[in-house]
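Structural features, examined
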Amino acid sequence: MADTLTVGDHDAFLVVDIQNDFCPGGNLAVPHGDEIVPVVNNLMRKFTHVVLTQDWHPHGHLSFASSHRGKKHFETIEASYGTQILWPDHCVQETVGAAFHADLHIPRSALVLRKGHRREIDSYSAFYENDRKTRTGLTEYLRDRGIARIFIAGLAFDFCVRYSGEDARREDFDVIVIEDACRSIDVEGSAAATRDQFASLGIPRVFSRDVTAEGVPR
Ligand SMILES: [Zn+2]
């Protein structure tokens, strides 16, 4: 199995939402979210193609509980595109909370894809906004670079990593999730549901130590 996890020119590393608000002390902290930063830094050295996503909301975003009178954090609303969980205000554009974790190394070659920038629609996935129809352009970007397989890690495992993984599969990429480089929010069993969903889609979950690249030490 180890051979299949050797990284090459047709592989990309998608690093999801490693931002201050999703780390301890942030407005929507994922427990132990900051622990993945050194793991992800080490992994990024193995890839020529790295894409980082950055949740990037305007004030008053539809996904914020504070935008809906009487609603509490983690309650839901029916948006025009389906059920939307309501979050604490997080990753507001140009705030410290929206910035990448200070210890995250960003390769010079990396693409930074901002998502959730429209007030009326959320975007968990790096490929589609939450209507599951509006494309971000990431598929075409990766295809233009000859990418066939995508390794995914980041925050949170059971939301933005999950949706990005599902959509990458739907877009016909091979997908591998590096689970020790992810952490979960775990709302009502969402982490277990994510593992089940990945299994049903044939998306393997691996350890970072098993991902290798020629000429790069583990
Ligand atoms: Zn968000």
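Anything mentioned here points back to the structure above.
Because the structure is predicted, anything quoted here is derived from the model rather than measured. (Residues numbered from 1 in each chain as written. Predicted model: local features only at pLDDT ≥ 70, side-chain atom pairs only at ≥ 80, totals over all residues. Heavy atoms only, no water.)

**Looking at the packing of aromatic side chains**
Rules: Only the six-membered ring of Trp is used, alongside the rings of Phe and Tyr, when aromatic pairs are assigned; centres must lie within 6.5 Å, and planes under 30 degrees apart are stacked while those over 60 apart are edge-to-face, with the rest tilted. Numbered from the N terminus, helices here are DSSP runs of H or I no shorter than four residues, and strands are runs of E no shorter than two. Buried, partly exposed and exposed residues are distinguished by accessible area as a fraction of the type maximum, computed with a 1.4 Å probe on protein chains only: under 20%, between the cut-offs, and over 50%, respectively.
Enumeration according to the criterion identifies nine aromatic pairs in this entry. Aromatic side chains F13 and F47 sit 5.0 Å apart centroid to centroid with 25 degrees between the ring planes, which places their arrangement in the stacked category. Residue F13 is found in strand β2 (residues 11–16), and its partner F47 is found in the loop between α1 (37–44) and β3 (49–55); the two are separated by 34 residues along the sequence. A relative accessible area of 0% places F13 in the buried class. A ring pair is formed by W87 and F159, whose centres lie 5.1 Å apart and whose planes are at 90 degrees; its orientation type is edge-to-face. Here W87 is found in the loop between β5 (82–85) and β6 (111–115), whereas its partner F159 is found in helix α3 (residues 157–170), with 72 residues between them in sequence. Residues W87 and F159 agree in their burial class; the two are buried. The structure contains a cluster of three or more aromatic residues connected by ring pairs, namely F74, W87, Y124, F159 and Y163.

**Some remarks on the side chain of T212**
Convention followed: Within 3.5 Å is the distance limit for a polar contact, defined as a pair of N or O atoms, with the added protein rule that one can donate a hydrogen and the other accept it, and that residues adjacent in sequence qualify only through two side-chain atoms. When checking whether two residues touch, look at their non-hydrogen atoms; a contact exists if any pair is within 4.5 Å.
As for its position among the elements, T212 is in strand β10 (residues 212–213). At 3.3 Å, the side chain of T212 forms a polar contact with the side chain of T6. Setting aside residues up to four positions removed in sequence, T212 forms contacts with L5, T6, V7, K46 and R218.

**With respect to the environment of I152**
Turning to its location among the elements, I152 is positioned in strand β7 (residues 149–155). For the pair I152 and V177, spaced 25 residues apart in sequence, the C-alpha to C-alpha distance is 4.8 Å. In this structure I152 touches F13, L14, V16, V161, S164, G165, V175, I176, V177, I178 and C182, once residues within four positions along its chain are discounted.

**A few points about the pairing of β7**
What counts is decided by this rule: A pair of strands is treated as paired once DSSP finds two or more bridges between them.
Among the seven residues of β7, seven are classified as buried, and the element is accordingly described as predominantly covered. Residue alternation in β7 divides its side chains into two sets, R149, F151, A153 and L155 and I150, I152 and G154, and both sets are buried. Relative to β7, β2 is paired through six bridges, and the arrangement is parallel. Within the sheet, the bridge partner assigned to L14 lies in β7 and is I152. Sheet topology note: the β7/strand β8 (residues 174–183) ladder contains six bridges and is parallel. Looking at β8, one finds that G154 is bridged to C182.

**Quick notes on α3**
α3 sits mainly inside the fold: 11 of its 14 residues count as buried. If you check which residues of α3 are buried, you get F157, D158, F159, C160, V161, R162, S164, G165, E166, D167 and A168. Backbone geometry just downstream of α3 places D172 in the positive-phi region, at approximately 75 degrees.

**Focus on the environment of T212**
The exposure class assigned to T212 is buried, which follows from its relative accessible area of 15%. Along the chain, T212 and L138 lie 74 residues apart, while their C-alpha atoms are 24 Å from each other.

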